[in-house]
Amino acid sequence: MPSATRQLLGSLRLLLADRGAPAERLAELARLVAAGMVAEVCSVYVMRPGEILELWATEGLRSGAVGHTRLRVGEGIVGTAAASATSLNLADAQNHPAFAYRAETGEDAFASMLCVPVRRAGRVMGVLVVQNREPRQYAEEEVETLETVAMLLAEMLAADAGAAAPALPLDAALPRHFEGAGLSPGIALGPIHVRGLALVPTRLLADDPKAEHARMDAAIAAMRADLEALLKAPRLSGEAPREVLETFRLIAGDSGWITRLHEAVAAGLAAEAAVSRVMGETARRMRALSDAYLRERLADFDDLGNRLIARLTGAAPNGQFAPGYILAARRLGPAELLEHHARGIAGLMIEEGTATAHATIVARALDIPMLGGCRGALASISSGEIAVLDADQGRLILHPEGELEAGYRATIAARLVRRAGLAAFRTRAAISADGERIQVMINAGLALDLAALDQVGADGIGLFRTEVAFLARGGLPDAHAEQALYARVLEAAGDKPVLFRTLDAGGDKLLPGIERAEEENPAMGWRSIRLSLDRPALFRRQLRAMLRAGRGRCLRVMFPMVATVEEFRAGRRLLAEEAQRVGPDGPDRLLVGAMLEVPALAWQLGPLLAEADFVSIGSNDLAQFLFAADRGSPQLSGRYDFLSAPMLALLEQVAAAGRAAGTPVGLCGEAASHPLEALAVAAVGIQGVSMAPAAVPAVKAALVATDLSQFRAFLSGLRQNEAAGASLRPAITAWARDHGVPFE
Ligand code: PEP
Ligand code: MG
């Protein structure tokens, strides 16, 4: 390595270690590279939402262009380098057919240009450019040096992701974007409203504690009545998310909390100030808890506290907005979200939102797009700003400018039109163009999900995640409540099959009431059937509740995360013993299945298929363990493709063995929620797929339009073709497009 290059990389490494403001670090990088490579210009273009490359730093071009010069991917030489993901070394850039002149940069003075894409994990994150006045071809070594710098830059951009945007010298009217976790899918565009953390009481002290105690009691009673009314609100589609709200009601009636409120009044505070103080104490106590699940309940207390203060002061608990708004909040309770739903909320960003928070469960059930995280967003948003909340891509964009905004508006409109068109598929069975019947079922977990069965015309519930209700309740429900829920599910399904999955606790689904050891890899730890077999009393109780709920019907029960046939046998033995105990109060017919989500089970198919009544492949965990890629890691999302030769080979092997043994094999999890994945799963011989309810119409539409035997032949040819690479997606997408199969 030439010493000038070594020196340059040495100073860049120092820069990488520096945790200064992102904009300054990029400017310094441009300066160092220009000096180190004896170039008159060095510029950094960064990929923004909507496939736009934006100039974020430059040494040598006009500084006014920073934050303003933008090129679409494929536009200009910079855009071409990004689109092709290859370096371009041009002695005479301005005469290149792709050259796009941007007057604000002053770049017409420079003839030669070297553009290197900034790549990380297969994604282009930007383009690094050097330019010189005189026409010259850059030497091989210079290209290599700039490519090495691009690698360092990729790490810098990845480390700054989320924090970078607000720190850059962009004026407020330019788009700013924040990365977050998509907690409930969908896209919303509209004015954003920032919800204040708490109402602030103006009256603090009171002379007459007796009167304040009475005010407090009256306010608590009125708040409870409000909650009851909210639960009965006819505007809530389907059934209210009872499991969530029952817990919420319990919190509202929590005697410890109410006692603390009265103690604060007894100390001389006005009732509203007492609520405020107890809210503050509760927040402090709960933030210190190590149990993430309990910490999430803080949002519930906030919600209740605000309701009480609003009752006591006559203030509106939260503002009045025109429908179509996006709400941004640090925390939000479930009841408040229900109110927002009734008012027409379009999207939700909760900074402290997590996958298991009550508001998230409600948002998913009500189909409200929701993001969690978006570090730094709340601090820089002002109510009224226009924003795009893209929960599918995990980003919040403030001030989406012209093209970007138009693009999102078009996507939202197209989705609405599509949704309306897809409604026709509600009453259609999923039969392929060449007459193959595929069972299309839904994944569910709350009573609230049941309405979807009919709304989308599904063939049944292919996965009922029993732990969701446990999580929503905040603990282990009593046996009666559990049985009542399962009975309600079976009742709603009527003749359609329901595959109840026994408790899948552990991993990311931590349940209060079950002690757990610290584990380095909880997804591969003491969870699911492992935990159930080690806690037989808890497991038996759940099995009994299912058996009793299934009285007089056909009951289907499956065990999650089975790794050995022995585990399946052990689960089934316990189930048989409980069935014996329940006797005539149990189901007429009992079918017992295993989930195949641990790859090892695929090499035990002989005994498994002989003994199990059905098998359901858990696509989320199977993909996670097949590729050894954490399903929750944003860095890994999209790196390995479900539509790939190894995954499809495994599915085909299981499907063929199932057919030979006469044991039905289905697939659940999220994979089949995407039409192309559902088609591929059906093509390799799996005849039942279960997915998020909202995905059913689109999957049916794709199946109905596909000649499955033709697609099967195409797919098997593709899988033999080594040149297809790690992902078969581009080829499958092209096939679908050419054959008029809707897949978006
Ligand atoms: C799966 O892993 O695909 C599955 C259905 O289970 P989970 O609830 O873990 O997503
Ligand atoms: Mg799983």
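Residues numbered from 1 in each chain as written. Chains lettered and ligands numbered in written order. Predicted model: local features only at pLDDT ≥ 70, side-chain atom pairs only at ≥ 80, totals over all residues. Heavy atoms only, no water.

> Explain the overall build of the protein chain here, please?
When its secondary structure is counted, the protein chain shows 28 helices and 21 strands. Out of the 744 residues belonging to the protein chain, those deemed buried represent 54%. Contacts in the protein chain between residues far apart in sequence, at least 24 positions, make up 67% of those at least 6 positions apart. Only carbon and sulfur atoms are counted for the fraction: they give 54% of the accessible area of the protein chain, which is about 30500 Å². (Helix = DSSP H or I, 4+ residues; strand = E, 2+ residues; numbered from the N terminus. Buried < 20%, exposed > 50% of the residue type's maximum accessible area, 1.4 Å probe, protein only. Contact = heavy atoms within 4.5 Å. Areas by Shrake-Rupley, 256 points an atom, 1.4 Å probe, with all protein chains shown as cover.)

> For this particular structure, what's the right way to read the coordination of the magnesium ion (ligand 2)?
Where a metal carries four tetrahedral donors, each ideal angle is 109.5 degrees; where it carries six octahedral donors, the ideal angles are 90 or 180 degrees. With distances of 2.0 to 2.2 Å, the protein atoms coordinating the magnesium ion (ligand 2) are Glu597 (OE) and Asp621 (OD). With Glu597 in the loop between β18 (589–596) and α22 (605–611) and Asp621 in helix α23 (residues 619–626), the pair connects residues that are 24 residues apart, well separated along the chain. What makes Glu597 buried here is its relative accessible area of 2%. (Donors = N, O, S within 2.8 Å, 3.2 Å for Na, K, Ca; no water.)

> I'm lost on the sheet that holds strand β9 (residues 326–329) in this one. Help?
The pairing of strands in a sheet comes from backbone hydrogen bonds and takes either a parallel or an antiparallel form. Reading around the barrel, the seven strands line up as β7-β11-β10-β9-β8-β12-β13 and close back on themselves, with mixed pairing between neighbours. Averaged over all adjacent pairs, the angle separating strand axes in this sheet is 35 degrees, with direction ignored. Note that strand β8 (residues 187–194) and strand β12 (residues 386–390) share five bridges and pair antiparallel. Along β12, the bridge assignment pairs Leu189 with Val388. Across the sheet, helix α13 (residues 358–365) lies against β7 (176–184) and β11 (370–373), angled at about 80 degrees from β7, the strand it touches most. (Pairing = 2+ DSSP bridges. Axes fitted to C-alpha atoms, helices over the stretch in contact; angles between N-to-C directions.)

> Sorry if this is basic, but what is going on with the packing of aromatic side chains here?
Each aromatic ring pair is characterised by the separation of its centres together with the angle its planes make. Inspection of every chain in the model, using the stated rule, returns eight aromatic pairs. Their ring planes at 10 degrees and their centres at 5.3 Å tell us that Phe627 and Tyr640 sit as a pair that is stacked. Taken together, the positions of Phe627 in the loop between α23 and α24 (645–661) and Tyr640 in the loop between α23 and α24 put the pair 13 residues apart, joining distant regions of the chain. According to the relative accessible area criterion, Tyr640 is partly exposed, its value standing at 41%. Three or more aromatic residues joined by ring pairs form one cluster here, namely Phe464, Tyr486 and Phe500. (Phe/Tyr/Trp six-rings, centres within 6.5 Å; stacked < 30°, edge-to-face > 60°.)

> Got a minute to help me understand the site of ligand 1 in this structure?
Lining the immediate environment of ligand 1, one finds 14 residues, of which Arg465, Arg501, Asn620, Asp621 and Arg631 sit closest. At a separation of 3.0 Å, an oxygen atom of ligand 1 approaches a polar backbone atom of Ser619. Within the complex, the protein chains bury 99% of what would otherwise be the 280 Å² of accessible surface of ligand 1. Those elements giving two or more residues to the shell around ligand 1 turn out to be β15 (461–465) and α23. (Near = heavy atom within 4 Å. Polar contact = N/O pair within 3.5 Å; in protein donor to acceptor, adjacent residues only side chain to side chain.)

> Please explain the sheet that holds β18 as it appears in this structure.
Reading around the circumference, β14-β15-β16-β17-β18-β19-β20-β21 is the order of the eight strands in this closed barrel, with parallel pairing throughout. For this sheet, the mean inter-axis angle between neighbouring strands, taken without regard to orientation, is 25 degrees. Where strand β14 (residues 439–444) meets strand β21 (residues 688–691), four bridges bridge the pair, whose relative direction is parallel. Bridging from a neighbouring strand, Gln439 pairs with Gly688 of β21.

> Honestly, the side chain of Glu597 in this entry has me stumped. Any pointers?
For the buried Glu597, no salt bridge exists, and the shortest N-O distance to an oppositely charged side chain is 4.7 Å, to Arg501. A polar side-chain atom of Glu597 sits 2.8 Å from the main-chain amide nitrogen of Met561. Non-local contacts of Glu597, meaning those with residues more than four positions away in its chain, are made with Pro560, Met561, Gly618, Asp621, Leu622 and Phe625. (Lys, Arg positive; Asp, Glu negative; His and termini not counted. Salt bridge = Lys/Arg side-chain N within 4 Å of Asp/Glu carboxyl O.)

> Help me understand the pattern of salt bridges in this model?
Side chains that differ in sign of charge can pair as their charged atoms come close. A full pass over the atoms with the stated rule returns 37 salt bridges. The salt bridge partner of Glu75 is Arg102, with a shortest N-O separation of 3.0 Å. Within this pair, whereas Glu75 is found in the loop between β3 (70–72) and α3 (76–84), its partner Arg102 is found in the loop between β4 (88–90) and β5 (112–120), the two being separated by 27 residues in sequence. Residue Glu677 pairs with Arg729 through a salt bridge whose shortest N-O separation is 2.8 Å.

> Quick question: what am I supposed to make of helix α28 (residues 729–738) here?
Helical geometry note: an α-helix holds 3.6 residues per turn, so side chains three or four residues apart project in the same direction. The set of residues buried in α28 consists of Ile732, Thr733, Trp735 and Ala736. Down the axis of α28, the sector holding all buried residues measures 160 degrees, keeping them to one side. Exposed and facing more than 90 degrees away from the buried side of α28 are Pro730, Arg737 and Asp738. One or two residues past the end of α28 sits Gly740, with phi positive at roughly 65 degrees. (Arc of directions from axis to C-beta.)

> Could you clarify how one ought to interpret the environment of Glu54 in this entry?
Position of Glu54 relative to the elements: it lies in strand β2 (residues 52–59). Note on Glu54: relative accessible area 2%, which makes it buried. Taking the C-alpha atoms as reference points, Glu54 and Arg72, 18 residues apart in sequence, are found 8.7 Å from one another. Side-chain polar atoms of Glu54 contact the side chain of Trp56, separated by 2.9 Å. In terms of polar contacts, Glu54 uses its side chain to reach the side chain of Arg70, at 2.5 Å.

> I'm lost on helix α18 (residues 479–493) in this one. Help?
The end-to-end C-alpha separation of α18 is 21 Å, in line with the 21 Å expected for 15 residues at 1.5 Å each. Of the positions making up α18, those classed as buried are Ala481, Glu482, Leu485, Tyr486, Val489, Leu490 and Ala493. Directly beyond the C-terminal end of α18, a positive phi value near 60 degrees is found at Gly494. (Expected span 1.5 Å × (residues − 1).)

> Quick question: what am I supposed to make of the packing of helix α12 (residues 334–343) against α13 here?
Each pair of packed helices can be described by the angle between their axes along with the distance between the axes. As a packed pair, α12 and α13 sit with axes 8 Å apart at the nearest point and diverge in direction by 30 degrees. Of the possible angle classes, the one that applies to α12 and α13 is roughly parallel. The way α12 lies across α13 gives a crossing that is right-handed. Of the residues in α13, those touching α12 at Pro334, Leu337 and Leu338 are His358, Ala359, Val362 and Ala363. Classifying every residue of the contact of α12 with α13 by side-chain character gives six nonpolar, one polar and no charged. (Parallel < 35°, antiparallel > 145°, perpendicular 65-115°, else oblique. Left-handed = near helix turned anticlockwise from the far one by under 90°. Nonpolar A, V, L, I, M, F, W, Y, C, P; charged D, E, K, R; others polar.)

> Explanation requested: the pairing of β8 in the structure shown.
Looking along a regular strand, one sees side chains alternate from face to face of the sheet. Of all eight residues in β8, six are buried, a share of seventy percent or more. The pairing of β8 with β9 spans three bridges and is parallel. Considered in β9, the bridge of Ile192 is made with Ile326.

> For this particular structure, what's the right way to read the side chain of Ser528?
Checked against the element boundaries, Ser528 lands in helix α19 (residues 528–534). Among the polar contacts made by the side chain of Ser528, one reaches the side chain of Arg527 at a distance of 3.1 Å. Beyond its immediate sequence surroundings of up to four residues, Ser528 is in contact with Leu503, Asp504, Ala505, Pro560 and Met561.

> What am I meant to see in unusual backbone geometry here?
As a rule of thumb, non-glycine residues mostly have phi less than zero, and peptide bonds are mostly trans rather than cis. Unlike most non-glycine residues, Met561 shows phi in positive territory, near 55 degrees. As for its position among the elements, Met561 is in the loop between β17 (554–559) and α21 (565–582). By relative accessible area, which is 1% here, Met561 ends up buried. Unusually for a residue other than glycine, Ala628 sits at a positive phi of about 50 degrees. Among the secondary structure elements, Ala628 is positioned in the loop between α23 and α24.

> Which parts of the structure should I look at to understand the environment of Gly347?
Inspection of the secondary structure assignment puts Gly347 in strand β10 (residues 347–350). When its relative accessible area of 0% is taken as the criterion, Gly347 is described as buried.

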